[in-house]
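Structural description and commentary
Each chain, written out:
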Amino acid sequence: MSGDPRRAIARTDTLLADPLLADAHRQVGPVLVKQAVRDAQQLARDGRIEPAAVLYTALAALPVTPARLRRVINATGVVLHTNLGRAPLSAAAVEAVTAAAGYVDVEFDVATGARARRGRSTLEALRAAVPDAGDVHVVNNGAAALVLAATALAAGREIVVARSEMVEIGDGFRLHELLAGAGARLREVGAANRVHLRDYADAVGPDTGFILKVHPSNYRIEGFTSSVGVAELAGLGVPVVADIGSGLLRPEPLLPGEPDAATWLRNGATIVTASGDKLLGGPQAGLLLGDRDMIETLRRHPIARALRVDKLTLAALEATLRRPVTPTATALHADPVELRERAGKLAARLVASGIAATVTASDGVVGGGSAPGLTLPGWAVRLPADLAAPLRRGMPCVVGRVHDGHLLLDLRCVPPADDDTLLEAVERACS
């Protein structure tokens, strides 16, 4: 029909030739620009936007970099939010990654001109951070650390593990399936809620590759329970591989229930495995720390090559270890008084702009499978729940938490320098 408003939608080639899209072509490339234009045209055909808004809708949908990963302001109160990439990198780590983006001496000795051990300065930093370890190694994530240990030390042999520690680590991946995939056989001991030293002792034999001790960092069993500590297991005469999961290298008074690598090594663990992108506050990586000979066995195993980390991870991890003031540590130790003051100022500015905003108490959590049940008292700005979707779609994306019919923007994980950005994002969402 001649009156059909869809006839007013500009042609694709006309839109792509518009000068407003010239910068986008240079920054993100023609493929993303063309897709954004077609998506906006479809919105107009569906009657969700006016034909005249197609160009500006396409512009708003384009990423600011060639990668489609979008910057997110984490206002959920979850410090280690797995879906948002867990630990944000520190400024020092970002600087190190940028420096490592070009050619670097990752596997080259500039003094001799010969090949050198890959990532040696990162490994030195990790050894310095955990002096109780005889040696250290780094792979690409925490699960990979366990796979390497199982493959190198227990392929075709048994791994003794408590039934209460047969965890699922996320996205449907289960510990026993992961280890079985490495060619090991699992020897389960104890009951679902209780395990004793005698259970392990009865299971250990000539076929035992190692005893696996797993800290249940993403759940809690309460009531009639018992477990066996690393020190007791170390007395059974076989290697003990202990997974602390959350990545604490040293004790943290704020998290008394979370084990740390230094303590478990002193208690007799042969190898301790941990993640780099949780409480350590660094990039995704799997850390292996412990007996020098065992670490060398792991490092020399052929599968270690498939699990190695790239130069960017090595750079970020080293910077995190040498300058350990991370966004994760800052968020964990955020002062509730300061959080309330910031929330009050932000809410007042929003009210002055005609937006219904109040301040409310908000308990944060550690997240990332760490410290289950621990709450972190804080404060949030409370807004109408219907702002959640437009804030997620905005630039930058703002992710809050909908609770009791309201949207809460918890400031624990929002740097103070982003308060103005958060304010502007809410104002745009309301408009």
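- Going by the annotation in an unreviewed UniProt entry, the name recorded for the chain is L-seryl-tRNA(Sec) selenium transferase, with Actinoplanes flavus given as the source organism.
- Recorded under Sequence similarities (unreviewed entry), the UniProt text for the chain is reproduced unchanged: "Belongs to the SelA family."
- As stated in UniProt under Pathway (unreviewed entry), the record for the chain gives "Aminoacyl-tRNA biosynthesis; selenocysteinyl-tRNA(Sec) biosynthesis; selenocysteinyl-tRNA(Sec) from L-seryl-tRNA(Sec) (bacterial route): step 1/1."

Notes on the nonpolar core
- Formed by 27 residues in total, the largest nonpolar core has its most connected members in Ile159, Leu212, Val241, Leu288 and Leu298.
- Counting only elements with at least two residues in this core, the list comes to α7 (142-154), β4 (158-162), α8 (175-180), β8 (208-214) and α12 (292-300).
- The element best represented in this core is α7, accounting for nine residues.
- Setting aside residues no more than four positions away along its own chain, leucine 212 makes contact with Leu146, Ile159, Val160, Val161, Glu165, Leu175, Leu179 and Val241.

Here we look at the sheet that holds strand β10 (residues 271-275)
- An order of β3-β11-β10-β9-β8-β4-β7 is seen for the seven strands of this open sheet, with the pairing classed as mixed. Because the sheet does not close on itself, it has two edges, and the strands there are β3 (135-139) and β7 (185-189). Looking at each pair of strands side by side, their axes are set apart by 25° on average, direction ignored.
- Pairing between strand β9 (residues 240-245) and β10: four bridges, direction parallel. Residue glycine 245 lies in a different strand from β10, and its bridge partner there is alanine 274.
- Of the strands in this sheet, β3 and β11 (286-290) are in contact with helix α6 (residues 120-129), which crosses β3 at around 125°.
- Lying over the sheet, α7 contacts β3, β4, β8, β9, β10 and β11, oriented at roughly 160° with respect to β8.

Comments concerning the state of the cysteines
- Tallying each qualifying case throughout the model produces zero disulfides.
- Summary of cysteine pairing: cysteine 397 is not part of a disulfide, and the nearest cysteine sulfur, belonging to cysteine 413, is at 14 Å.
- What makes cysteine 397 buried here is its relative accessible area of 8%.

Some details on the UniProt feature "modified residue: N6-(pyridoxal phosphate)lysine" (unreviewed entry) in the chain
- As annotated in UniProt, the feature "modified residue: N6-(pyridoxal phosphate)lysine" (unreviewed entry) corresponds to Lys278 in the numbering used here.
- Topologically, lysine 278 is positioned in the loop between β10 and β11.
- Using a relative accessible area of 10% as the deciding quantity, one classes lysine 278 as buried.
- For lysine 278, the residues in contact, after removing those within four places along its chain, are Leu80, Arg86, Ala87, Gly245, Ser246, Thr328, Gly368 and Ser370.

Considerations on helix α16 (residues 336-352)
- The end-to-end C-alpha separation of α16 is 24 Å, in line with the 24 Å expected for 17 residues at 1.5 Å each.
- The complete set of buried residues in α16 reads Leu339, Arg342, Ala343, Leu346, Ala347 and Leu350. All buried residues of α16 fall inside an arc of 130° around its axis, so they share one side. When the buried face of α16 is taken as reference, the exposed residues oriented beyond 90 degrees from it are Val337, Lys345 and Ala352.

Focus: the pattern of salt bridges
- Taken as a whole, this structure holds 18 salt bridges when the rule is applied.
- In this structure, the salt-bridge partner of aspartate 105 is arginine 120, at a minimum N-O distance of 3.7 Å. Here aspartate 105, found in the loop between α5 (91-100) and α6, pairs with arginine 120, found in helix α6; they are 15 residues apart in sequence, far enough to count as distant.
- The exposure class of aspartate 105 is partly exposed, given its relative accessible area of 39%.

Describing the packing of aromatic side chains
- Scanning all chains against the criterion turns up zero aromatic pairs.
- The positively charged end of arginine 340 is found above the aromatic ring belonging to tryptophan 379, 4.2 Å away from the centroid.

Side note on the side chain of threonine 270
- Of note, threonine 270 is situated in the loop between α11 (261-266) and β10.
- When near neighbours in sequence (up to four residues on either side) are disregarded, threonine 270 contacts Pro239, Val240, Leu289, Gly290, Asp291 and Met294.

Some words on the environment of alanine 53
- Along the polypeptide, alanine 53 turns up in the loop between α3 (30-45) and α4 (54-61).
- In this structure alanine 53 comes out as partly exposed when scored by relative accessible area, which is 25%.
- Taking the C-alpha atoms as reference points, alanine 53 and glutamate 338, 285 residues apart in sequence, are found 42 Å from one another.

Some remarks on the sheet that holds strand β16 (residues 406-410)
- Reading across from one edge, β2-β12-β13-β16-β15 is the order of the five strands in this open sheet, with mixed pairing throughout. Looking along the sheet, the strands with just one partner apiece sit at the ends: β2 (78-80) and β15 (401-403). In this sheet, adjacent strand axes meet at a mean angle of 40° when their direction is disregarded.
- The pairing of strand β13 (residues 376-384) with β16 spans five bridges and is antiparallel. The residue bridging alanine 380 from the neighbouring strand is aspartate 410, located in β16.

Rules used in this analysis
- Residues numbered from 1 in each chain as written.
- Predicted model: local features only at pLDDT ≥ 70, side-chain atom pairs only at ≥ 80, totals over all residues.
- Heavy atoms only, no water.
- UniProt positions renumbered as here; feature names shortened; annotations may be inferred.
- Core = buried A, V, L, I, M, F, W, Y, C linked by side-chain atoms within 4.5 Å.
- Buried < 20%, exposed > 50% of the residue type's maximum accessible area, 1.4 Å probe, protein only.
- Helix = DSSP H or I, 4+ residues; strand = E, 2+ residues; numbered from the N terminus.
- Contact = heavy atoms within 4.5 Å.
- Pairing = 2+ DSSP bridges.
- Axes fitted to C-alpha atoms, helices over the stretch in contact; angles between N-to-C directions.
- Disulfide = S-S within 2.5 Å.
- Expected span 1.5 Å × (residues − 1).
- Arc of directions from axis to C-beta.
- Salt bridge = Lys/Arg side-chain N within 4 Å of Asp/Glu carboxyl O.
- Phe/Tyr/Trp six-rings, centres within 6.5 Å; stacked < 30°, edge-to-face > 60°.
- Lys NZ or Arg CZ within 6 Å of the ring centre and 35° of its normal.

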